[in-house]
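What follows is each chain in one-letter form.
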Amino acid sequence: DYTKEGLHSLSDQTKSLLKSLDSDLEVKGFFAEQQQAGIAEKQKFSDLVELYRAQTPNVKVTLIDPIKRPDEAKLNEVTNSGTVLLKYKGRTAKFDDATEQGFTTAIIKITREKNKTLYFITGHGERDSASGDPAGAQSFKKYLTDSSYDTKTLSLIEKQKLPEDATA
């Protein structure tokens with residue numbers, strides 16, 4: 001892949017994750033074919049999903065037009081064209097970012113047995129993870145929770161020991 005964006009290849013992390021799948025990963029992509037944007041999204045996703053399928057036979061893909069199949073969209077609680085639903089061993093995840101990062105993050109969410117817990121330290125002038133301030137850590141916290149991490153706060157002034165469930 002000689003493209004600057006790496007459009008025709010997957011990262012080593014994604015390849016490793018896909019090779020670790022020991023069961024079928026059901027992928028349902030919902031794309032409205034009556035809309036020009038839906039056609040473009042579908043093609044972009046189809047190209048991406050082929051890279052995933054090339055790594056493992058466990059990726060099973062179904063593309064659904066939510067306008068032609070509103071029953072299927074309703075059953076899967078899909079309200080927007082471009083939404084992708086993943087199912088793996090009874091767990092589900094949805095994403096609408098048809099990029100390698102969005103797809104791989106969703107796979108990580110449903111394949112991880114247990115969420116890791118990360119603590120934000122407080123009480124020493126650290127940035128507030130709950131603040132709406134753009135300089136705060138709220139966007140980082142959202143990224144972590146979207147990636148299946150649990151986040152909590154910890155004051156080492158009050159507790160001078162890390163909790164048992166702390167991963168980081």
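Use the structure listed above.
This is a predicted model, so every value here is computed, not measured.

### Some remarks on helix H2 (residues 36-53)
Logical step 1: With 18 residues, H2 ought to run about 26 Å at 1.5 Å a step, and its terminal C-alpha atoms sit 26 Å apart, in line with that.
Logical step 2: Every buried residue belonging to H2 is among Gly38, Phe45, Ser46, Leu48, Val49 and Tyr52, and all of these are buried.
Logical step 3: Tucked into the core, H2 has its buried residues touching helix H1 (12-19), strand E1 (25-30), strand E2 (59-64), strand E3 (83-88), strand E4 (91-95) and helix H4 (100-111).

### A look at the nonpolar core
Logical step 1: Leu25, Val27, Phe45, Leu86, Phe103 and Ile107 are the most contacted members of the largest nonpolar core, which totals 23 residues.
Logical step 2: No other element matches the 5 residues that H4 contributes to this core.
Logical step 3: Excluding its chain neighbours within four sequence positions, the residues that come into contact with Phe45 are Val27, Phe31, Leu63, Val84, Phe95, Ala98 and Phe103.
Logical step 4: Phe30, Ile64, Ala73 and Val78 belong to the second largest nonpolar core, which has 5 residues in total.

### Remarks on the environment of Gly123
Logical step 1: Tracing the chain through its elements places Gly123 in the loop between strand E5 (116-122) and helix H5 (138-146).
Logical step 2: According to the relative accessible area criterion, Gly123 is exposed, its value standing at 54%.
Logical step 3: Considered as a pair, Gly123 and Leu154 are 31 residues apart in the sequence and their alpha carbons are 8.4 Å apart.

### Some points on the sheet that holds E2
By definition, the strands of a sheet pair up through backbone hydrogen bonds, in either a parallel or an antiparallel sense.
Logical step 1: The strand order across the open sheet built from 4 strands is E2-E1-E3-E4, with neighbouring strands paired in mixed fashion. Because the sheet does not close on itself, it has two edges, and the strands there are E2 and E4. Sheet twist, expressed as the average angle between the axes of neighbouring strands with direction ignored, equals 15 degrees.
Logical step 2: Looking at chain direction, E1 and E3 are connected through 5 bridges and run antiparallel. Its bridge partner lying in E3, Phe30 is registered against Thr83.

### With respect to the packing of H2 against H4
Logical step 1: Between H2 and H4, whose axes approach to 11 Å, the crossing angle comes to 50 degrees. Relative to H4, H2 is oriented oblique. Judged by the sense of rotation from one axis to the other, the crossing of H2 with H4 is right-handed. Taken together, the residues of H4 that come into contact with H2 (itself represented by Phe45, Leu48, Val49 and Tyr52) are Glu100, Phe103, Thr104 and Ile107.
Logical step 2: Among the residues making up the contact of H2 with H4, the classes are represented as 6 nonpolar, 1 polar and 1 charged.

### Describing the side chain of Glu72
Logical step 1: By the secondary structure assignment, Glu72 is in helix H3 (residues 70-75).
Logical step 2: Not counting chain neighbours up to four residues away, the residues in contact with Glu72 comprise Lys28, Phe30 and Ile64.

### A short note on the packing of H1 against H4
Logical step 1: At a minimum axis distance of 11 Å, the contact between H1 and H4 shows a crossing angle of 40 degrees. Considering the relative orientation of H1 and H4, their crossing is left-handed. Residue-level contacts link Gln13, Thr14, Leu17 and Leu18 of H1 to Glu100, Thr104, Ile107, Ile108 and Thr111 of H4.

### A word on the environment of Ile110
Logical step 1: Tracing the backbone through its elements, the reader meets Ile110 in helix H4.
Logical step 2: Spatially, the C-alpha atoms of Ile110 and Lys94 are 9.9 Å apart, while their sequence positions differ by 16 residues.

What counts as what
The numbering scheme is per chain: residues are counted from 1 as the chain's sequence reads. The predicted origin of the model limits local features to residues at a pLDDT of at least 70 and limits the giving and counting of side-chain atom pairs to 80 or more, whereas totals for whole chains, interfaces and linings rest on all residues. With hydrogens and water stripped out, all remaining heavy atoms of the structure feed into the side-chain values. Helix and strand assignments come from DSSP, with helices taken as H or I runs of at least 4 residues and strands as E runs of at least 2, each series counted from the N terminus. By this rule the span expected of a helix is its residue count minus one, scaled by 1.5 Å. When accessible area is computed with a 1.4 Å probe and restricted to protein chains, residues below 20% of their type maximum are described as buried, those above 50% as exposed, and intermediate ones as partly exposed. Two residues form a contact once any of their heavy atoms are found within 4.5 Å. Only buried residues count toward a nonpolar core, which is a set of Ala, Val, Leu, Ile, Met, Phe, Trp, Tyr and Cys residues joined through side-chain atoms within 4.5 Å. If DSSP finds at least two bridges between two strands, the strands pair. Comment: axis = line fitted to C-alpha atoms, over the contacting stretch for helices; angle = value between 0 and 180 degrees taken between N-to-C directions. Roughly parallel means an angle under 35 degrees; roughly antiparallel means over 145; roughly perpendicular covers 65 to 115; every other angle is labelled oblique. Handedness of a crossing follows from how the near helix is turned relative to the far one, being left-handed for an anticlockwise turn of less than a right angle and right-handed for a clockwise one. Here the term charged refers only to Asp, Glu, Lys and Arg, the term nonpolar to Ala, Val, Leu, Ile, Met, Phe, Trp, Tyr, Cys and Pro, and the term polar to all other amino acids, Gly among them.

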